[in-house]
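Fold and contact review
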Amino acid sequence: MKRIFGAKKNLPPPPTLGDASAKLETRTAGLDEKIKKLEVELAGYKEKLKKAKGPAAKTLKQRAMAVLKRKKMYEAQRDQLAGQAFNVEQTSFAIDSVKDTLTTVDAMKAASKTLKTEFKKVDIDQIEDVQDDLADMMEDMNEVQDALGRSYGIGDDVDEADLDAELACLDDELGMDELGLEDSTPAYLQPADPGALPEQPTNLPPAPDANPAAAVDEFGLPVAAA
């Protein structure tokens, strides 16, 4: 059969955007090199035209015009290649965006399936029972705390009006104590009033003789007055 119809030829794979972009970059680089060479050649003709005259100047001018036309042609081709390269890059970016979108969608689908599977394991009634149990335990704890904080030896029949009256009396006593603190020195330590002291007596007996010889005996003892 292969001899009659021939063997199936293996077709080469279709070019990718990466291949197309690489070829465009290579061609653009080649055109840039050609344009640079022509610019150098034009600069040489300009220098020669400054010194040339007559037919020589005309010939140099024609050559310079031809070089300039080639330069313009290469620049136009380079601009076309730049436009193609831009389109290739835009297409590649769009393809990558679509691939990323598909990847995101697939990931979200898988996450949705996982969420549904895990959510089926959640029992709402069980959660509510746990919440009720916690509320009951908290209430029991409050009752225990109230019981532990209860005071002993104080009757429940204490009249609040009597307590308020006693508190008011304590406030009055505290106020009087604060007033008494202004002069808390004992009376026996306070200076006496000069007007309250007794008057100095005037009928005092005469003072004894101030002569030391008459006032003491031979042993140095005082002698009683005769």
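These numbers were taken from a predicted model, which means no experiment stands behind them.

Leu24, Tyr45, Val67 and Tyr74 are the most contacted members of the largest nonpolar core, which totals 15 residues. Residue contributions to this core peak at 8 residues, all from helix H3 (residues 55-119). The contact partners of Leu24, leaving out residues within four places of it in the chain, are Leu81, Gln84, Ala85 and Val88.

On the surface, Asp123, Asp125, Glu128, Asp129, Asp132, Asp133, Asp136, Glu139, Asp140, Glu143 and Asp146 cluster together to form a negatively charged patch. Its place among the elements puts Asp146 in helix H4 (residues 124-148).

Turning our attention to the UniProt feature "coiled-coil region" (unreviewed entry) in the chain. When the UniProt feature table is mapped onto this chain numbering, "coiled-coil region" (unreviewed entry) sits at residues 21-48. In the segment residues 21-48, helix accounts for 100% and strand for 0%; the C-alpha atoms at its two ends are 41 Å apart.

Let us look at a positive patch on the surface. Residues Lys109, Lys113, Lys116 and Lys120 make up a contiguous surface patch of positive charge. Position of Lys113 among the secondary structure elements: in helix H3.

Okay, the confidence of the model for the chain next. In the predicted model, the chain carries a mean pLDDT of 79, and the fraction of residues at 70 or more is 67%. Least confident of the elements in the chain is helix H6 (residues 212-215), whose mean pLDDT is 52; most confident is H3, at 92.

So, how was this worked out
Residues numbered from 1 in each chain as written. Predicted model: local features only at pLDDT ≥ 70, side-chain atom pairs only at ≥ 80, totals over all residues. Heavy atoms only, no water. Core = buried A, V, L, I, M, F, W, Y, C linked by side-chain atoms within 4.5 Å. Buried < 20%, exposed > 50% of the residue type's maximum accessible area, 1.4 Å probe, protein only. Helix = DSSP H or I, 4+ residues; strand = E, 2+ residues; numbered from the N terminus. Contact = heavy atoms within 4.5 Å. Patch = residues over 30% accessible without salt bridge, like charges linked within 9 Å, V, L, I, M, F, W, Y side chains within 5 Å. Areas by Shrake-Rupley, 256 points an atom, 1.4 Å probe, with all protein chains shown as cover. Salt bridge = Lys/Arg side-chain N within 4 Å of Asp/Glu carboxyl O. Lys, Arg positive; Asp, Glu negative; His and termini not counted. Charge placed at Lys NZ, Arg CZ, Asp CG, Glu CD. UniProt positions renumbered as here; feature names shortened; annotations may be inferred. pLDDT = per-residue confidence, 0-100.

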